[in-house]
Amino acid sequence: MKESWLKYRGKVINLASFLFLLTLAFTPDLGYGQEPMSFKSFVAIENNYDMRTDDLSFGFGEQDLLMTADLSDKMSFLGEAVWKYSGGFKMGVERIVVKYNYRGNHNILFGRHHTPLNYWNDTYHHGRLFFPTTGRPTTFTYHIIPIHTNGVSLQGHNLGKMKFGYDVMIGNGIGSLDEMVDNDKTKSLSTAIHVKPKDGLRIGASMYMDKIAGGAITKQGTAVSSIDQRVISAHVAYFSSSIEFLAETSMANNTDSSASASTMSSYIYLGYKMDKLVPYIRYDYVDIAKEEMYYKNADRYAFVTALGVRYEISYQAVVKLEFLYTEKETTGPSNVVNFQLAVGF
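As the structure is a prediction and not an experimental result, all values here were calculated from the model.

(A) The arrangement of the nonpolar core in detail. Formed by 31 residues in total, the largest nonpolar core has its most connected members in Trp120, Tyr142, Ile227, Val231, Leu246 and Tyr295. Only α2 (119-123), β10 (201-212), β11 (227-239), β12 (243-255), β13 (260-272) and β14 (277-287) provide two or more residues apiece to this core. Residues Leu66, Leu129, Val318 and Ala342 belong to the second largest nonpolar core, which totals 6 residues.

Next comes the structure, spelled out in C-alpha cells:
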C-alpha cells in the first residue's frame, strides 16, 4: 500500500496544483497591475583580517535585488535575485513566489521559497542589512537545513489570541541535480508551527522529511544507496526595544541501508540595544556523527563565537565590527576580525 501511494503521490500533487491554478485563472477578482512593482536593493561592503595568517582582505558580499508586486487584492508576487563572487561573478535566483490569500490570514504559495524550517531562514532574506551579525550561523554554512525548496505551501499567520502560525510545504527533494526537476517520485515535506504569545516573542518547531535517491549528489559526493532524511528544529526568539535573543537547534537524522547517523547544530544570539548601538554575542556549535553519510564529516565538530557591535546609522545603513573565533577538528582555532557596511535602498 505504501509503495503504491509513493508511486502515484507525485502525479496527484501535480494534478491538484494544476487544477488549483486553473481555478485561480478564472476567479473574477484577480486583476492585474493593481500596484506597481517595487524594487529594493541590498549590498554589503566587507573587510576581514585573519590574525592567524596576518592577511587583510577587501571585498563585498551579495548584491541582492528584491522585487514585490500586488497583482490583485488577493494575489502578490515576490522575486529575489543575488549577484555574488564565487570563482567569478554569478547571478542566482533565490526566490520566486506567487502568493494567493484564499481566506483571512491563510495563504497558498507557489514557487521557490526559503524552506520554513527555523526562525532565521523564515525571517531574514539575503540582505545583510537585516542580519543581527555579519553572517549566517554555522548551521547554514554546514548545510544542516535546506535553505530553499521548489514547491507549493499552505501558510497561516497571527491566528487567535496566541497568534498561531503554520507552514506546510511539499516540494522537490534536496538530492535533485536540477531543482526544477525532481530526481524521484518522493517529494520533500516541511511542516512548521509557531506562536507569538506576546509582542516580540516567537516560539516554534518544525520538521523536514525527504527520501534522497541512490546516486543523488550529497555534501560528501554521490549517495551509494537511498537515504531517509529527517530534520527537526526548534527556536525561541525575543526582540524588544532593548533585548535581542535568538536560540535555535536542529537535529538531522540520516539513515541508509548500512547505518543511521544523527547530527546536531545549535546557536544562541544575544544583543543589547542602546539606541543605535547594539553590542552582541553569538555562539554556534555543530556536532556531526562519525557515521554520517550525507553531510561532510571531515570536521566532525565546529565551535564558533562571534563577539561584535552593530551601529544602526539609519534604517538603510548599518555598520558592524565583529571578532570571530572558530575552532574545527581538522584546522584548529582561528581568529578573524570582520568589518561590514550593509546598505539597502
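Text resumes after the structure shown.
(B) Region of the structure containing the layout of surface pockets. Taken as a whole, the largest pocket spans an internal volume of roughly 1200 Å³. As for the largest pocket, its lining consists of 47 residues, and the residues nearest its centre are Glu62, Arg128, Gly135, Arg136 and Thr141. Among the elements that make up the lining of the largest pocket, the one with the highest residue count is strand β5 (residues 89-103) (6 residues). For the lining of the largest pocket, a count of residues per class yields 15 nonpolar, 19 polar and 13 charged. Taken as a whole, the second largest pocket encloses approximately 640 Å³ of empty space. Mapped onto the lining of the second largest pocket, the elements with two or more residues apiece are β4 (75-85), β5, β6 (106-114), α2, β7 (148-159) and β8 (164-171).

(C) Layout of the pattern of salt bridges. The final tally for this structure, using the stated rule, is 10 salt bridges. Two residues, Arg95 and Glu80, come together in a salt bridge whose shortest N-O distance is 2.8 Å. Separated by 15 residues along the polypeptide, Arg95 in strand β5 and Glu80 in strand β4 bring together distant segments of the chain. With relative accessibility at 14%, the residue Arg95 sits in the buried group. Here Lys273 and Glu312 are joined by a salt bridge, their closest N and O atoms 3.6 Å apart. Highlighted residues: Lys273 in the loop between β13 and β14 and Glu312 in strand β15 (residues 301-314), separated in sequence by 39 residues. Exposure remark for Lys273: the relative accessible area of 27% places this residue in the partly exposed category. A cluster of three or more residues bridged by salt bridges with shared partners is formed by Glu244, Lys273, Arg310 and Glu312.

(D) Inspection of the environment of Arg202 at higher detail. Counting through the fold element by element, Arg202 comes out in strand β10. Classification of Arg202 as buried rests on a relative accessible area of 12%. Between the alpha carbons of Arg202 and Tyr119 there is a distance of 8.7 Å; along the sequence they are 83 residues apart. If we ignore the near neighbours within four places in the chain, the residues touching Arg202 are Tyr119, Asp122, His194, Val195, Lys196, His235, Val236 and Ala237. For Arg202, the side chain forms a polar contact with the side chain of Asp122, separated by 3.1 Å.

Criteria and thresholds
Residues numbered from 1 in each chain as written. Predicted model: local features only at pLDDT ≥ 70, side-chain atom pairs only at ≥ 80, totals over all residues. Heavy atoms only, no water. Core = buried A, V, L, I, M, F, W, Y, C linked by side-chain atoms within 4.5 Å. Buried < 20%, exposed > 50% of the residue type's maximum accessible area, 1.4 Å probe, protein only. Helix = DSSP H or I, 4+ residues; strand = E, 2+ residues; numbered from the N terminus. 1 Å grid on protein atoms, 1.4 Å probe; cavity = no way out; pocket = protein on both sides within 12 Å on 5 of 7 lines; lining within 4 Å. Points joined across faces, edges and corners; volume = space filled by probe spheres on them. Nonpolar A, V, L, I, M, F, W, Y, C, P; charged D, E, K, R; others polar. Salt bridge = Lys/Arg side-chain N within 4 Å of Asp/Glu carboxyl O. Contact = heavy atoms within 4.5 Å. Polar contact = N/O pair within 3.5 Å; in protein donor to acceptor, adjacent residues only side chain to side chain.

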